[in-house]
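Chain residues, written in single-letter form:
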Amino acid sequence: MIPPTYYLVVSIILFVLGIIGFFIKKDLITQFLSVEVMLNAANLAFITFAHSAGSLDGQIIVFFVITVAAAEAAIGLAIILLVYRKHKSIKTEDIHLMKG
Amino acid sequence: MELFLFILLSILCIGAVLGMIIVNNQAYSALFLVLAFSCTAGLFALLDAPFIAVVQIIIYAGAILVLFIFVIMMVDIKEGLTPEKKKWTMALACILAVVLLIELLVALKSALSPMATSVSGQAGNASEIGHLLFTKYLYPFEITSVLIIAAMVGAIVLVKKKDSE
Amino acid sequence: MAELFWLIPFFPALSSLLLILFGRKLPRKYIAFQACLAVFFSLALSILSFLSLLGSGHEGHGLIKNLFAWIHSGSFKVDLSLQFDQLTAVMCLVVSGVGFLIHVYSSGYMAEDKSFARFFAYMNLFTFSMLLLVMASNLVLMFVGWEGVGLCSYLLIGFWFEKPSAADAGKKAFIVNRIGDAGFMLGIFFILLHIGSAEFAAVNHAVEAGGFAQGLATLIALLLFVGAIGKSAQIPLYVWLPDAMEGPTPVSALIHAATMVTAGVYMVARMNLLYSLSPVAMQVVAIVGALTAVYAASMALTQNDIKRVLAYSTISQLGYMFIGLGVGAYSAAVFHLYTHAFFKSLLFLGAGSVMHALSGELDLRKMGGLRKYLPLTFPTFLIATIAIAGVPFFSGFFSKDAILTSAFANGQYLIWALGLMGAVLTAFYMFRVVFLTFYGKERLEPEAKAHLHESPKTMTIPLVILAFFSIVAGYVGLPIVLGKNVNLFDRFLEPVIHAPHGAHLSLSSEWMLILASVAVALFGIFIAYVFYLKKPDIPHNLVARFPWLYKLLYNKYYMDEIYNATFVNSTIKGSELVYKHFDLKVIDGALNGSAKTMNTIGKLLSSLQTGLIKDYALVFLLGALILLGYFVF
């Protein structure tokens, strides 16, 4: 029997790695991948809590997160494609249309 | 045995994510992530959530990342992205991330100590989850379908080339 | 029917509203018909209410109709309530009666004007405001009417606003009236502060209960009188009235002779109990009235503009009314107000008719001998002149004599003497106008003569009706020498005019006073006859002998110039100074400065908006850290 704390520690490490990845990577696609890592870290935490609380609600939430992530990926990737078509680049530094 | 599996999967998972960060090729990154998500699925299975584990592999590792790889192929970035101009943002972000790590661990330590013992027993089998989805979570579930349709239509409309262009 | 008296002001209001909204699209005949009909309804209802008031007997205290609570804040309460008592009845009859005739007259006089609907909309609005003024049962509502007539006066004086002089005259009237209104408002505030209510009944009650110390009563009375000075064109705020003659002649007749300018007199008469508390205020009123009566009459002597003569004559007659108020003869003052309304509006309308006949000619020097061309205008104008001059058996005689007698009876001999002097001057300048206009040789411009014609029926019929009233209106207020109870007017007003009667004179001295009045009137007429018909060179000789006096009078004592040099110019200079140094530098500086500061801050802050996702995410992360840290530690 592994204590839930172990899983949570793994979850935290994954989450922080996702953040670091988001800031280190230079292109939209890998940044997006990092965000997915963070989502997974959260999912792991949810499952852990569900397990230790002995309820299925946590799993249901993870199920929803996965569906939303799928939708988000579809839209997000479509946007990335559009950006690429317009700027011929997916480097985040090149995209600063919102500069004040 | 369980502990061994846990340690193996965790190390593989964290390692895969680190690999994703370190390699410069986007396609490799995506493949590393397939590995990482598969390991997470294994962890889910260890936590008595076989249905979610399977869903994780099919949707995440399968569908979503395949989508990513397709996009990566379409975008076709040449090797050698120029280095960032603003190095300090990156450095600061890493420091903040470490701070967040510490904070989260402290939070974990103070908040979860009584929950150290696990009340396992309820297996998250597919039929129970299905039952819950169609009773307690019926509305969110149905709304999700709308969300997915919207996302699908949206993605198609966004990417479709207009006739005038 | 009489319970509906509160509807009196609302007929013209409704008509005015309709004309303002739809006037452009309505045919002229209908506009005139509607405007006249609205005032006629008011008149009819006034007469009905008046008759029921008469029927209710001597003790009738009038009716009050509380329409709704207008302002209700804590203990401060102002109602929109109208009243109809004896004084209001007189005023309503005068306003709606004379107003109706003038509306009819205007439909002929203004027939050619392009802004026909606008004219009648304003006229109706004015009638509404004036009726509201006289029917209000409290000072605040009265002030609404007071300002309403001021506004209409401005609109109507500047009716031909394409003419700069008319626009200026309108502005002048408005601004000069504002000065008076400031005093009036202060007076109202003091009353509200002191007794917490502006209802006339409450004020009278407080006065009777001894609620006003004498000093306070004097202060309030004088402040209210400042308002009356402005509205009724007394020294020193009379300057707007002569200029107001820039408006169409029916306006001059309605507003600047018969109704609006009498608002001050009405107000003082309405507050008579308060004034009676303060001998000082009464004395001030009497002195201002007497000085104005003589002063304005002296300026009327040399004017060559027929309407200006009448304007000064109005100021002078208003002075008489204030003499009456000042010596405590309130009902005599109201009596003079009432007779004056008839003959003065008749004079103005007659002058308008003359102008109409001469294609707009106003200069007395270019008239003369019009008697035979204007067979209806001439006799009616003559009747009005005789009435104003104070010849016995005409209305003006009774009222003017009542005032002068009261002044004498109260021991105000100086004021009485000034009044007599004013009477000589009045008789003189009025007959000067008559002689110069209708007698003597013709001095017409050739083209004016070609168009010479009597006015249409819509104009002459009101003249005839007014002439009738100019003769008979006085017989309701016969002097005491003819019997104890012949002064019906005084007895009718008794429930409202609570003031104690002044000292009574013996019958013989009453007769003496009457004879004196008659003598000065006839003397004035005689001089005018000699000067302008018998020996027309006398005036020229006099002018040659006393050029400075003539110049002084002709230029109206240079009062406009003095006001311009002192108040107007200093205000303009001061405003310019403030504009240059305060507006441009301080206010604009502060404004531009704040805008610049904002701009700078904005530029500084906008550099935070790098447009880079990572920077935003960094801030986001920082926020999450702080939030989490707050919960953890």
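Residues numbered from 1 in each chain as written. Chains lettered and ligands numbered in written order. Predicted model: local features only at pLDDT ≥ 70, side-chain atom pairs only at ≥ 80, totals over all residues. Heavy atoms only, no water.

Turning our eyes to something else, we now look at the overall build of chain A. Scanning chain A from N- to C-terminus turns up three helices and zero strands. Its helices and strands in sequence order give chain A the pattern α-α-α, from N to C terminus. Looking at chain A residue by residue over its 100 residues, the buried ones come to 64%. Partitioning the contacts of chain A with sequence separation of at least 6, the portion at a separation of at least 24 is 60%. For chain A, the accessible area works out to roughly 3400 Å², and carbon and sulfur atoms hold 74% of it. (Helix = DSSP H or I, 4+ residues; strand = E, 2+ residues; numbered from the N terminus. Buried < 20%, exposed > 50% of the residue type's maximum accessible area, 1.4 Å probe, protein only. Contact = heavy atoms within 4.5 Å. Areas by Shrake-Rupley, 256 points an atom, 1.4 Å probe, with all protein chains shown as cover.)

Right, let's get into the overall build of chain B. From N to C terminus, chain B includes six helices and zero strands. Reading chain B from its N terminus to its C terminus gives the helix and strand order α-α-α-α-α-α. In chain B, which comprises 165 residues, the share counted as buried stands at 35%. As displayed, chain B offers around 9600 Å² of accessible surface, 76% of which is attributable to carbon and sulfur atoms.

Residues and elements named next belong to chain C. The residue D181 is located in helix 6 (residues 164–195) in this model. Judged by relative accessible area, D181 falls into the buried class, the value being 2%. For D181, the contacting residues outside a window of four places in its chain are F143, W146, E147 and K231.

With that out of the way, let us pick up helix 3 (residues 50–75) of chain B. Counting along an α-helix, one turn takes 3.6 residues, and residues three or four places apart therefore face a common direction. Compared with an ideal rise of 1.5 Å per residue, which puts 26 residues at 38 Å, helix 3 of chain B spans 36 Å between its outermost C-alpha atoms and is within 8% of the ideal. Along helix 3 of chain B, the sharpest change in direction is near 30° and occurs at L65 of chain B. Of the positions making up helix 3 of chain B, those classed as buried are I52, A53, V55, Q56, Y60, A61, I64, L65, F68, V71, I72 and V75 of chain B. Buried positions along helix 3 of chain B lie against helix 2 (28–53) and helix 3 (57–87) of chain A together with helix 2 (26–46) and helix 5 (126–133) of chain B. (Expected span 1.5 Å × (residues − 1). Bend = angle between axes of the 7 residues up to and from the residue.)

On to the confidence of the model for chain A, then. Summarising the model, chain A shows a mean pLDDT of 88, and 99% of its residues fall at 70 or more. Model confidence for chain A, summarised as mean pLDDT per element, is weakest for helix 3 of chain A at 89 and strongest for helix 1 (residues 4–24) of chain A at 91. (pLDDT = per-residue confidence, 0-100.)

What follows covers the interface of chain A and chain B. Taken together, the contacts link 68 residues of chain A with 82 residues of chain B. With both sides pooled, the region where chain A packs onto chain B buries about 7100 Å², and carbon together with sulfur makes up 79% of that total. For the interface between chain A and chain B, the tally reads one salt bridge. One salt bridge in this structure joins D57 of chain A and K136 of chain B, with 3.2 Å as the shortest N-O distance. Counting across the interface, chain A meets chain B through eleven residue pairs in polar contact (both at pLDDT 80 or more). Those elements that provide at least two residues to the side of chain A that touches chain B are helix 1, helix 2 and helix 3 of chain A. Among the elements that take part in the side of chain A that touches chain B, helix 3 of chain A stands out by supplying 22 residues, more than any other. Residue composition of the side of chain A that touches chain B, by class: 47 nonpolar, 13 polar and eight charged. (Buried area = accessible area lost by both parts, 1.4 Å probe. Salt bridge = Lys/Arg side-chain N within 4 Å of Asp/Glu carboxyl O. Polar contact = N/O pair within 3.5 Å; in protein donor to acceptor, adjacent residues only side chain to side chain. Nonpolar A, V, L, I, M, F, W, Y, C, P; charged D, E, K, R; others polar.)

We now examine the pattern of salt bridges. Residues and elements named next belong to chain C. Summed over all chains, the structure comprises eleven salt bridges over all chains. Between R178 and E147 there is a salt bridge whose closest N-O contact spans 2.6 Å. Of the two residues, R178 is situated in helix 6 and E147 in helix 5 (residues 139–157); the sequence distance between them amounts to 31 residues. Given a relative accessible area of 26%, R178 falls into the partly exposed group. We classify E147 as partly exposed; its relative accessible area is 21%. Members of the salt-bridge network, linked through shared partners, are E147, R178 and D181.

Here the focus is the interface of chain B and chain C. With 14 residues of chain B at the contact, the number on the chain C side is twelve residues. Carbon and sulfur atoms make up 77% of the area that chain B and chain C hide from each other, which totals about 1100 Å². Between chain B and chain C we count zero salt bridges in total. Taken together, chain B and chain C are joined by zero residue pairs in polar contact (both at pLDDT 80 or more). Here the residues of the side of chain B that touches chain C are counted per class, giving ten nonpolar, one polar and three charged.

Residues and elements named next belong to chain C. As a packed pair, helix 3 (residues 86–109) and helix 11 (residues 263–270) sit with axes 11 Å apart at the nearest point and diverge in direction by 170°. In terms of axis orientation, helix 3 runs roughly antiparallel to helix 11. On the side of helix 3, the interface is formed by L87, T88 and M91, while helix 11 contributes Y266, A269 and R270. Tallied by class, residues from the contact of helix 3 with helix 11 come to four nonpolar, one polar and one charged. (Axes fitted to C-alpha atoms, helices over the stretch in contact; angles between N-to-C directions. Parallel < 35°, antiparallel > 145°, perpendicular 65-115°, else oblique.)

Another point: the nonpolar core. One finds M271 and Y275 of chain C to be the most contacted residues of the largest nonpolar core, which totals 215 residues. Counting residues per element, this core draws most heavily on helix 15 (residues 330–357) of chain C, at 18 residues. Beyond its immediate chain neighbours, meaning those up to four positions away, Y275 of chain C contacts A221, L224, F225, V268, A281, M282, V285 and Y330 of chain C. Of all hydrophobic cores here, the second largest spans 62 residues; its members include L33, V37 and A69 of chain A together with L9 of chain B. (Core = buried A, V, L, I, M, F, W, Y, C linked by side-chain atoms within 4.5 Å.)

In this section: the packing of helix 3 of chain A against helix 5 of chain B. At a closest axis distance of 10 Å, the pairing of helix 3 of chain A and helix 5 of chain B adopts a crossing angle of 75°. The orientation of helix 3 of chain A relative to helix 5 of chain B falls into the category roughly perpendicular. Of helix 5 of chain B, the residues touching helix 3 of chain A (which contributes D57, Q59, I60, F63 and F64 of chain A) are I129, L132 and L133 of chain B. Here the residues of the contact of helix 3 of chain A with helix 5 of chain B are counted per class, giving six nonpolar, one polar and one charged.

Further remarks concern a nonpolar patch on the surface. Taken together, the side chains of F393, I461, I465, F468, F469, V472 and Y475 of chain C present a nonpolar region at the surface, about 630 Å² in accessible area. Position of Y475 of chain C relative to the elements: it lies in the loop between helix 20 (457–472) and helix 21 (488–493). (Patch = residues over 30% accessible without salt bridge, like charges linked within 9 Å, V, L, I, M, F, W, Y side chains within 5 Å.)

Moving on: unusual backbone geometry. Following I235 of chain C, the chain continues into P236 of chain C via a peptide bond in cis, with omega recorded as 5°. Looking at the secondary structure, you find P236 of chain C in the loop between helix 8 (214–231) and helix 9 (240–243). With a phi close to 65°, D48 of chain B is a non-glycine residue in the positive phi region. Tracing the sequence through the fold places D48 of chain B in the loop between helix 2 and helix 3. Phi is positive for F393 of chain C, close to 75°, though the residue is something other than glycine. As for its position among the elements, F393 of chain C is in the loop between helix 16 (377–389) and helix 17 (395–409).

All names here are of chain C. Relative to strand 2 (residues 76–84), strand 1 (residues 63–73) runs antiparallel, the two sharing nine bridges. Of the residues in strand 2, the one forming a bridge with N66 is S81. Counted along the chain from strand 1 to the antiparallel partner strand 2, the turn is two residues long, and its residue G74 has a positive phi close to 65°. (Pairing = 2+ DSSP bridges.)

Bringing the side chain of N124 of chain C into the picture now. All names here are of chain C. Its place among the elements puts N124 in helix 4 (residues 116–135). Looking at N124, the relative accessible area reads 0%, which means it is buried. Here the side chain of N124 touches H103 through a polar contact of 3.3 Å, side chain to side chain.

Take the packing of aromatic side chains next. Residues and elements named next belong to chain C. This model, assessed by the stated rule, comprises 47 aromatic pairs over all chains. Aromatic side chains F159 and W160 sit 6.2 Å apart centroid to centroid with 65° between the ring planes, which places their arrangement in the edge-to-face category. An aromatic cluster of three or more residues is present, and its members are F378, F381, F431, F435, F438, Y439 and Y529. Over the face of the ring belonging to F159 we find R118, whose NZ or CZ atom lies 4.3 Å from the ring centre. (Phe/Tyr/Trp six-rings, centres within 6.5 Å; stacked < 30°, edge-to-face > 60°. Lys NZ or Arg CZ within 6 Å of the ring centre and 35° of its normal.)

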